[in-house]
Structures are given as C-alpha cells and as structure tokens.
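Understanding the architecture of this molecule
One-letter residues, chain by chain:
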Amino acid sequence: MKILTAAEMREVDRRTIEAGIPGIVLMESAAQRVVEFLAEKFAPLSAQRIVVLCGKGNNGGDGMAVARQIHTRFPAAQLRVALLAEPEELKGDAAANYRMLRACGCEVHRAIPAESRNATLVIDALLGTGVSGPAAGRMLEGIREINGGFPLATVVAVDIPSGMPSDSGEPVGELASADYTITFTAPKLGQALPPNCDHVGKLIVAAIGSPAALYAQARLELLEPAMFRQLLAPRPPSGHKGTFGHALIVAGSRGKTGAAAMCGLGALRAGAGLVTVASEESALEAIGAHAPELMTEPLEQIDRIADSMTVIAMGPGLGPQIQLVRGSIRRFLQPMVLDADALVDGLHGEGRVRVLTPHPGEMARISGKTIADIQRDRLSAAREFATERGVTLVLKGQRTVIAFADGRAWINPTGTPAMGTGGSGDVLTGMITGLLAQFPRQPDEAVAAAVYLHGLAGEIGARALSDKSLIATDILKYLPEAIKECAAD
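This report concerns the structure included in the present document. (Residues numbered from 1 in each chain as written. Predicted model: local features only at pLDDT ≥ 70, side-chain atom pairs only at ≥ 80, totals over all residues. Heavy atoms only, no water.)

Examining the sheet that holds strand β13 (residues 336-338)
Strand order in the open sheet formed by ten strands is β8-β17-β16-β15-β14-β13-β12-β9-β10-β11, with mixed pairing between adjacent strands. Strand pairing shows two members of the sheet lacking a second neighbour, β8 (220-222) and β11 (295-298), which therefore form its edges. Along the sheet, successive strands turn relative to each other by an average axial angle of 20°, direction set aside. With three bridges joining them, strand β12 (residues 311-314) and β13 adopt parallel strand pairing. (Pairing = 2+ DSSP bridges. Helix = DSSP H or I, 4+ residues; strand = E, 2+ residues; numbered from the N terminus. Axes fitted to C-alpha atoms, helices over the stretch in contact; angles between N-to-C directions.)

Focus on the environment of Gln191
The topology assignment puts Gln191 in helix α6 (residues 189-192). Judged by relative accessible area, Gln191 falls into the buried class, the value being 2%. For the pair formed by Gln191 and Ala206, sequence separation is 15 residues and the distance between their alpha carbons is 14 Å. Apart from the residues within four sequence positions on either side, Gln191 is in contact with Asp159, Ile160, Met164, Thr181, Thr183, Cys197, Val200, Leu203 and Arg399. (Buried < 20%, exposed > 50% of the residue type's maximum accessible area, 1.4 Å probe, protein only. Contact = heavy atoms within 4.5 Å.)

Topic: the packing of aromatic side chains
By the definition in use, this model includes five aromatic pairs. Consider the rings of Phe42 and Tyr180, whose centres lie 6.1 Å apart with planes at 85°: the pair is edge-to-face. Pair noted here: Phe42 is in the loop between α2 (23-41) and β1 (49-54) and Tyr180 is in strand β6 (residues 180-184), with a separation of 138 residues, a long-range link. Here Phe42 and Tyr180 have matching classes, each one buried. (Phe/Tyr/Trp six-rings, centres within 6.5 Å; stacked < 30°, edge-to-face > 60°.)

Regarding the nonpolar core
The biggest cluster of nonpolar side chains holds 58 residues, and the ones touching the most others in it are Ile249, Val275, Val394, Ile402, Ile432 and Leu453. No other element matches helix α16 (residues 443-465), which puts twelve residues into this core. Apart from residues no more than four positions distant in its own chain, Ile249 is found in contact with Ala260, Cys263, Gly264, Ala267, Val275, Thr276, Val277, Ala278, Ala313 and Thr433. In this structure, Leu248, Ile302, Met336 and Val344 belong to the second largest nonpolar core, which totals 44 residues. (Core = buried A, V, L, I, M, F, W, Y, C linked by side-chain atoms within 4.5 Å.)

Observations regarding the environment of Leu338
One can find Leu338 in strand β13. Contact partners of Leu338, with chain neighbours within four places excluded, come to Met314, Ile329, Leu343, Leu347, Val355, Leu356 and Thr357.

Observations regarding the state of the cysteines
One pass over the structure, following the stated rule, counts zero disulfides. Left unpaired, Cys54 is separated from the closest cysteine sulfur, that of Cys106, by 9.4 Å. You can see Cys106 has no disulfide; the closest cysteine sulfur is in Cys104, sitting 5.8 Å from it. (Disulfide = S-S within 2.5 Å.)

Quick word on the pattern of salt bridges
This structure, assessed with the given rule, holds 19 salt bridges. Here Asp159 and Lys188 are joined by a salt bridge, their closest N and O atoms 3.3 Å apart. Of this pair, Asp159 sits in the loop between β5 (154-158) and β6 while Lys188 sits in the loop between β6 and α6, and the two are 29 residues apart along the sequence. An identical accessibility class is assigned to Asp159 and Lys188; each is buried. When the shortest N-O distance is used, the salt bridge between Lys369 and Glu384 registers 3.3 Å. Placement of the pair is Lys369 in the loop between α12 (360-367) and α13 (371-376) and Glu384 in helix α14 (residues 378-389), with a sequence separation of 15 residues. Judged by relative accessible area, Lys369 falls into the partly exposed class, the value being 30%. Given the relative accessible area of 36%, Glu384 is considered partly exposed. Connected through shared salt-bridge partners, Glu11, Arg14 and Glu18 make up one network. (Salt bridge = Lys/Arg side-chain N within 4 Å of Asp/Glu carboxyl O.)

As for unusual backbone geometry
The amide bond that connects Ala43 to the next residue, Pro44, takes the cis arrangement and shows omega of -10°. Locating Pro44 in the fold gives a position in the loop between α2 and β1. Omega for the peptide link from Pro194 to Pro195 comes to 0°, which places this bond in the cis form. Among the structural elements, Pro195 can be located in the loop between α6 and β7 (202-206). The phi dihedral of Ala340 falls on the positive side, at around 50°, and the residue is not glycine. Following the sequence through the fold, Ala340 ends up in the loop between β13 and β14 (354-356).

What follows is the structure in structure tokens.
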C-alpha cells in the first residue's frame, strides 16, 4: 500500500481534478466514505450523539460534507456541528459545503455546545494534511477538547488527526488522538511512523476516485498481506523436504545455544524444508536438544557444507566465534541473512542478496552514527545505508523499516512492545531465513512476509498471554495463527 507525502498527495489531487473529477466531487466522495464507515461501525447511527468539529480549510469542508450526509440520511441522530472559524474565512469547496449544510437546515454552531459533552462520537475535521507548524488559537483549543472534552466519545479523524504533521513521525505540537482515522487515497507518512502513528488509532484507507496510476511510482509503502500472500498459498501435493530449501544457520556458542536454537526453529516454523545449525563443538549437543528437527554441524565444517545450502543465516549468539567465519560472508554466493555478531563493518551486497537485521544499537555501530541519529529519522537512516551498501536492511523497532538497495522502503505496521524480550530478534532472523529458503527468487516478498508475520504473531500472543508474559518462543507458538490470518485476509 503506497505511502504519500503531503506534496505527493497534493499532486495526485491536482492531476485528478485536471483529469476531470472536480474537487467538490472528491470532497463529497471523501465524506461518503466516512459516513459509510460510521454507519457500519456504529450502527444504528441514528442512535448516536454526534459532534462534528470543523476548521476553515478543506478538512473542515470534508467535515461539513460528513455532517450534511448524516443530517439528511440519519435524521434521528443527535447531531451538533461546530465551526471553529469565521464563515468568511472559508474558501472554495469548503465554503460551498458550508452553504449546502446550512441550506439543508442543519445548524452550525460557532462554539462547542454545552449539551454535546455527552457525545458518543466526535468527528475530527479541524486540520488536514496541510499543517506546517504547531496548532494555535482556536485549532489548539479544539484539539484539546477532542482529547479531553468528550469522556464518552469515540474519536474518528477525517484524513489525519488534527495537528499531526503529514510528513514526519515527530509531533510539532499538540495533536488530536483518534480511535479511528479514515484517510483518503493512501496513508500519509506521519500516520505510518512513530510516535505519531500511536495517535492514529485504526487506520482505514478509503478510495475517493483518484486513479492508482497517479501514485504507482511512489517509493514508500505500508506493508500489508496482499504484498506477500502468494507466498502463503497451499503447497503443491508433490512437495517434499527438498522442495522447500535447506537453510544453514551459523549461530550460537557456549552459553548462547538458545539463540541458535530459536533462529533454527524460526526457519523451520516459517517453512524451510531442512535446517542445519553450525556452531562450536561444545554447543552442538545443547542446540540439538532444543529440537530434534534441527541438524547440527561443527563450525569448522561450514565451507564444506555451504555449497549445498539454499540460504545462509549468520550471527545470533556467535560471539567471538564470528572471527572463524567472517571471511565467509563475502565468499558465499547464496542469499545471506546477517544479524547480531555477523553485523560487521564494511558489509556490502556486491550484487548478492544480503539481508541485514540490526536493532538501533547495531545500526549505529555499522553505520558510524549515534543511536539518537538513527532514531531521529529511522527511515532516512535505513534508506541511506541500504542504497550505499547495496543491501536489504531490516531496521528493527517500532514500525520496522525494510529498505532496499534501489531506494524503495516498506514500513511494517505489526508488532507490540510485548516483543521487547530476549530472543525475539533471533526468531525473526530465522523466519526471514526460512522464507528465503523457500522463495529465493522472491527475496523482497520473503523478507516482508517474515517481518509482518513476526509482528502479527507477537500481537496475537500478547493478546493471549499479556504484554509482560510473552517470550520469544511464544512468537513461534502463535505464528501458525498469524499465517492463517494473512493467507485468508
């Protein structure tokens, strides 16, 4: 699902209007999508106590069109509309919708009516994607009212929560917090990145008439199951363990056998036909004890066995043992997944599939930046590194970023703080490896599927076990449920 900046969205709107769909028709379509959502989610809508808060721009015009449709289609609804601006400030399509709203007999208040404090629904249409600085004046007052003035209400934002910058995950001032956001045409960058994404609630993307061809070339996307669902299709009846790839996991050492085992189990649970774990001799028995399905080999044998492998993962729990295999990172031709101790300086893709999975601390180490620099603009940091080094970079954390060597980037919406526990990253490395073993010719989709399913399995597990009780192996436990959900989505 494409993600657009404010400038890209304005260009899409301009070209849509230029192609023959008037702006007021787009506004009416936007309002219709919002009302359709309200009618379905909060049925019967006629029984709701609704407040629509409007500003002076096009977002306010959307809100007044929403109010008019509610007024005319659900006349029993207790509806209050507050325009927190002077009517004379309205222009263009917003002014036209104000006139239409008044013409159909709906009262428009100049302040929030006292009797509306018991509202069950608040429609936020104060500020849209054109905000360029912190909200002030009546808009700031309105945002504060949305956040605290309606204790019984569910908040639904029109296009974007008021006060949220469209192009950044960082707030520039106070912003509204929504339970649902209905955005139009495509998600906006600020809705996809933390911490602003925490104020969006559930994001619903609604088509209003702009042709998809107008934004097909956008280089940023929000991950969704449709992007990798074909990888989850039923296997052919003739499939066997040799059909689905052989993954080599180079991981683990004395005291860190769990990292190797979790990585290997992640590959198996993601569907790899065979998994061999190579580690130091003293660790092999403990690794094999974790799961009889894992084969083991001494670390010194990887050069001998590597040629028969479909994909190689390296790093989790290796510690000082990385020095024995460091040269292999450049020597092997197969797709490789590099994590933890295998994330060494000077890594380059050199035209091969190389997937790096750092957390922010590891990213700072291999990029020469500080953790603060990385976290300040995770998207740019990931893109810059991936394009310079010719690799696929999976920058872990809230809203994990997958950046590709050609400049594309995908943002993952799944995951939960419950996954902030030791071993979660080892499981992810294994899952990426397992999917690459099955689909070495579709590496982008394989990485996307692993990242999305990893986060979704964590969410499912956290709902069942609580945020505090989830452990890394629980992600594997709930992975089958996540796969079923995405395959049927």
